[in-house]
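Residue-level structural notes
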Amino acid sequence: MRLRPPVHRVHRTAVTWWRARILLAGAAAVAVPAVTALLLPDVVRPWLVVPAVGLAVVTVVAAVGMPPWWYRVHRWEVTGDAVYTRTGALWQEWRVAPMSRIQTVDSDRGPLEQFFGLATVTVTTASARGALRIPGLDHALAAELVHELTETTQATPGDAT
């Protein structure tokens, strides 16, 4: 088994999902100093408004730039022998999980993923490195992938340890 680039991209809607996650997290981070600045005297306000504006700018830049980059990098593939993933932004992680090492296959859907019709498939292995995650899949494709991986791993000899 050799490490090679996986062929499938995540669903295109994942870009919007990632962007929404960044904007929501950024809005929460900006709200704290912004609301506090409104409640405190004028003399303290600049010390809170400047960081709030800085956080807002960083949030917008991240929301515009990071999701398209993640979309270009994130890849996945399932063959009869293994599950391949590539994730990351600056530090990219390529992983291979042989079918004989897979212990469980799960599908997760947070509230935002449900809103965008997406799901994340998690493949737990007997590796100390942890589970492989394939985020940003179409919900129907994720359900099909979980079913396919479950059947394949049940038919694959080995004890997954």
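Data block above holds the structure.
Residues numbered from 1 in each chain as written. Predicted model: local features only at pLDDT ≥ 70, side-chain atom pairs only at ≥ 80, totals over all residues. Heavy atoms only, no water.

Some details on the layout of surface pockets
Within this model, the largest pocket holds a volume of roughly 180 Å³. If you go around the largest pocket, you meet 13 residues; those closest to its centre are H74, T87, E93, R133 and P135. A breakdown of the residues in the lining of the largest pocket according to their chemical character gives five nonpolar, four polar and four charged. (1 Å grid on protein atoms, 1.4 Å probe; cavity = no way out; pocket = protein on both sides within 12 Å on 5 of 7 lines; lining within 4 Å. Points joined across faces, edges and corners; volume = space filled by probe spheres on them. Nonpolar A, V, L, I, M, F, W, Y, C, P; charged D, E, K, R; others polar.)

Here's the deal with the pairing of strand β4 (residues 93-98)
As defined by bridge partners, strand β3 (residues 82-87) adjoins β4 across six bridges and the pair is classed as antiparallel. Across the sheet, residue A82 finds its bridge partner in β4, namely P98. The hairpin formed by β3 and β4 contains five residues between the paired strands, and G88 there has a positive phi angle of roughly 110°. (Pairing = 2+ DSSP bridges. Helix = DSSP H or I, 4+ residues; strand = E, 2+ residues; numbered from the N terminus.)

A few points about the sheet that holds strand β5 (residues 102-108)
Across the sheet, three strands lie side by side as β5-β6-β7; this open sheet has antiparallel pairing. In the strand order of this sheet, the two ends are held by β5 and β7 (132-138), each with one partner. Across the sheet, the mean angle separating the axes of adjacent strands is 20° when strand polarity is ignored. By the bridge criterion, five bridges tie strand β6 (residues 118-125) to β7 in an arrangement that is antiparallel. Across the sheet, V123 pairs through a bridge with L132, a residue of β7. Helix α4 (residues 139-155) rests against β5, β6 and β7 of the sheet, and its axis sits at about 140° to β7. (Axes fitted to C-alpha atoms, helices over the stretch in contact; angles between N-to-C directions. Contact = heavy atoms within 4.5 Å.)

Observations concerning the environment of T156
Topologically, T156 is positioned in the segment after α4. T156 sits 58 residues away from P98 along the chain, and the two C-alpha atoms are 9.8 Å apart. The contact partners of T156, leaving out residues within four places of it in the chain, are M99 and S100.

Focus on helix α2 (residues 45-73)
For an α-helix the count is 3.6 residues per turn, leaving residues at separations of three or four pointing the same way. Taking 1.5 Å of rise per residue, the 29 residues of α2 would be expected to cover 42 Å, and the 41 Å separating its terminal C-alpha atoms lies within 8% of that figure. Where α2 bends most, at A62, the angle is about 30°. For α2, the full list of buried residues reads L48, A52, T59, A63, P67, Y71 and V73. Buried residues along α2 sit in contact with β1 (8-9), α1 (14-39), β2 (75-78) and β3. (Expected span 1.5 Å × (residues − 1). Bend = angle between axes of the 7 residues up to and from the residue. Buried < 20%, exposed > 50% of the residue type's maximum accessible area, 1.4 Å probe, protein only.)

Considering the environment of A143
Turning to its location among the elements, A143 is positioned in helix α4. Taking the C-alpha atoms as reference points, A143 and T120, 23 residues apart in sequence, are found 9.7 Å from one another.

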